Amino acid sequence: MALVTGSSRGIGRAVALKLAERGAAVVVNGRSDTATVESAVAEILDKGGQACGIVADIGQSQGCSQLVQSAISQFGRLDILVNNAGIVRDQLLLRMSDEDWDQVINTNLRGAFLCTRAALRPMLKQRWGRVINIASISGLIGNPGQANYAAAKAGLVAFTKSVAREVASRGITANAIAPGFIQTDMTQRLNASAQEEIVKHIPLGYIGDPQDVAEVAAFLASEKARYITGQVLVVDGGLTMV
Ligand code: NAI
């Protein structure tokens, strides 16, 4: 069974659909958007997959533990956790409020910590598990206006490596995916000229699709990736290649 946080839309939804297509029973989650959670579940069921939806705020300690516990009780096990839920509150540092900082760290980093801690218990018992954290190239190279987001994503990368080292001997892998620009609601906020400017710097010449991330997540979740742990896979059309 796979739990994908923030999977009502965007990258998370594509990951949930892909894992379901590859045979996993999937728990779809969104913060408050019941209708989109239900539509993602319906899409999986329509395609012959197994899924259920749980609305929960991973920015709250209780939200995370309830999400993981209900997910486990729905399907009786938990094999794959994808920490995908994330938000942006972009602002230049001098104008960044305490709240902008706290909300982003809370959802993007603390949420992943809380969900992973709750999910590891059954994985340790069954001596198999996959933790996949959706980071960002902002967390690797920084981005003006995203000090909060970049710090959270860099933290998520270091968190991934620490978890990977802690649980490697128990058959559990932990990896991060760092997407570049992917076409979702999150990037839709950029106006057309900002998007054109970004594309100029992407060697492959286009903004990525959620599918591009979903394929990598499905690979990391599979047995084929059993010898990969503590890594960051960059999915950015070559934007940050060195
Ligand atoms: P999106 O804004 O389209 O979707 C975000 C999802 O997270 C939604 O399902 C929303 O309900 C959920 N969510 C937000 N806060 C939540 C909370 N507190 N509790 C539960 N669910 C919550 O975002 P997108 O673009 O699909 O991003 C997904 C992940 O990928 C995020 O972690 C984001 O930082 C990361 N990412 C996205 C990139 C992009 O270009 N779109 C680039 C790099 C990373």
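Further up the page is the structure itself.
In this text, all values refer to a predicted model and were calculated from it rather than measured experimentally. (Residues numbered from 1 in each chain as written. Predicted model: local features only at pLDDT ≥ 70, side-chain atom pairs only at ≥ 80, totals over all residues. Heavy atoms only, no water.)

Asks: Please explain the site of the ligand as it appears in this structure.
Replies: Lining the immediate environment of the ligand, one finds 32 residues, of which Ser8, Asp57, Asn84, Tyr149 and Thr184 sit closest. At 2.7 Å, a side-chain N or O of aspartate 57 approaches a nitrogen atom of the ligand. Between the ligand and isoleucine 58 there is a distance of 2.9 Å, counted from a nitrogen atom to a backbone nitrogen or oxygen. Summarising the interface, the protein chains cover 98% of the accessible area of the ligand, which totals 830 Å² for the free molecule. Here the ligand is seated within the largest pocket. Contributing elements (two or more residues each) for the shell around the ligand: α1 (10-21), β2 (26-30), α6 (147-167) and α7 (185-188). A total of three residues in the shell around the ligand trace back to one element, the largest contributor, which is α7. Its residues placed into classes, the shell around the ligand shows twelve nonpolar, 14 polar and six charged. (Near = heavy atom within 4 Å. Polar contact = N/O pair within 3.5 Å; in protein donor to acceptor, adjacent residues only side chain to side chain. Areas by Shrake-Rupley, 256 points an atom, 1.4 Å probe, with all protein chains shown as cover. 1 Å grid on protein atoms, 1.4 Å probe; cavity = no way out; pocket = protein on both sides within 12 Å on 5 of 7 lines; lining within 4 Å. Sits in = over half its atoms within 2 Å of the grid points. Helix = DSSP H or I, 4+ residues; strand = E, 2+ residues; numbered from the N terminus. Nonpolar A, V, L, I, M, F, W, Y, C, P; charged D, E, K, R; others polar.)

Asks: Looking at this structure, I do not really get a positive patch on the surface. What am I missing?
Replies: A cluster of basic residues, Arg110, Arg117, Arg121 and Lys125, forms a positive patch at the surface. Turning to its location among the elements, lysine 125 is positioned in helix α4 (residues 98-126). A relative accessible area of 73% means that lysine 125 is categorised as exposed. (Patch = residues over 30% accessible without salt bridge, like charges linked within 9 Å, V, L, I, M, F, W, Y side chains within 5 Å. Salt bridge = Lys/Arg side-chain N within 4 Å of Asp/Glu carboxyl O. Lys, Arg positive; Asp, Glu negative; His and termini not counted. Charge placed at Lys NZ, Arg CZ, Asp CG, Glu CD. Buried < 20%, exposed > 50% of the residue type's maximum accessible area, 1.4 Å probe, protein only.)

Asks: Looking at this model, I keep getting lost on the pairing of strand β5 (residues 129-134). Mind explaining?
Replies: Summarising burial for β5: six of the six residues are buried, a large majority. Residues Gly129, Val131 and Asn133 line one face of β5 and the alternating positions Arg130, Ile132 and Ile134 line the opposite face, and both faces are buried. In this structure, strand β4 (residues 80-83) lies alongside β5, joined through four bridges in parallel fashion. Across the sheet, asparagine 83 pairs through a bridge with asparagine 133, a residue of β5. (Pairing = 2+ DSSP bridges.)

Asks: It is not clear to me how helix α2 (residues 34-46) should be interpreted in this structure. Could you clarify?
Replies: Three or four residues apart is the spacing at which side chains of an α-helix point the same way, because the helix has 3.6 residues per turn. Across its 13 residues, α2 extends 18 Å between first and last C-alpha, which sits within 8% of the 18 Å expected from 1.5 Å per residue. All of the buried residues in α2 are Val37, Ala40, Val41 and Ile44. The buried residues of α2 occupy one face: seen down the axis, they fall within an arc of 95 degrees. Looking at α2, the residues exposed on the side facing more than 90 degrees away from the buried face are Ala35, Glu38 and Asp46. For α2, the secondary structure elements touched by its buried residues are α1, β2 and β3 (51-55). Positive phi shows up at glycine 48, right after α2, with a value of about 90 degrees. (Expected span 1.5 Å × (residues − 1). Arc of directions from axis to C-beta. Contact = heavy atoms within 4.5 Å.)

Asks: Please explain the nonpolar core as it appears in this structure.
Replies: Looking at soluble globular proteins, one finds that nonpolar side chains tend to be buried together. In this structure, Leu3, Val27, Val68, Leu78, Leu120 and Met123 are the most contacted members of the largest nonpolar core, which totals 34 residues. Among the secondary structure elements, those contributing two or more residues to this core are β3, α3 (61-75), α4, α6 and β6 (172-179). Looking at this core, the element that brings in the most residues is α4, giving seven residues. Ignoring sequence-local partners within four residues, the contact set of valine 68 consists of Leu3, Leu78, Cys115, Ala118 and Ala119. In terms of nonpolar packing, the next biggest core, distinct from the first, is built from 32 residues, Ala2, Val15, Val26 and Val41 among them. (Core = buried A, V, L, I, M, F, W, Y, C linked by side-chain atoms within 4.5 Å.)

Asks: Mind showing me how you'd approach the packing of α1 against helix α9 (residues 210-221) here?
Replies: Packed helix pairs are characterised by how far apart their axes lie and by the angle those axes make with each other. Their axes nearest at 8 Å, the elements α1 and α9 cross at an angle of 45 degrees. With respect to α9, the axis of α1 lies oblique. In the crossing of α1 with α9, the sense of the turn from one axis to the other is right-handed. Across from Gly10, Ile11, Ala14, Val15, Lys18 and Leu19 in α1, the residues of α9 making contact are Pro210, Gln211, Val213, Ala214, Glu215, Ala217, Ala218 and Ala221. Residue composition of the contact of α1 with α9, grouped by class: ten nonpolar, two polar and two charged. (Axes fitted to C-alpha atoms, helices over the stretch in contact; angles between N-to-C directions. Parallel < 35°, antiparallel > 145°, perpendicular 65-115°, else oblique. Left-handed = near helix turned anticlockwise from the far one by under 90°.)

Asks: Sorry if this is basic, but what is going on with the pattern of salt bridges here?
Replies: When charged atoms on two side chains of opposite charge get close, those side chains can pair. Per the counting criterion, the structure on display carries ten salt bridges. Taking the shortest distance from any N to any O, the salt bridge between aspartate 185 and arginine 9 comes out at 3.3 Å. Placement of aspartate 185 in helix α7 and of arginine 9 in the loop between β1 (2-4) and α1 is noted, with a sequence separation of 176 residues between them. As a salt-bridge pair, aspartate 79 and arginine 77 come within 2.6 Å of each other at their nearest N and O atoms. Of the residues examined, aspartate 79 reaches a relative accessible area of 9% and is grouped as buried. On the basis of relative accessible area, arginine 77 is assigned to the partly exposed category, the value being 40%. Sharing partners across several salt bridges, the network here consists of Lys18, Glu21, Arg22 and Glu215.

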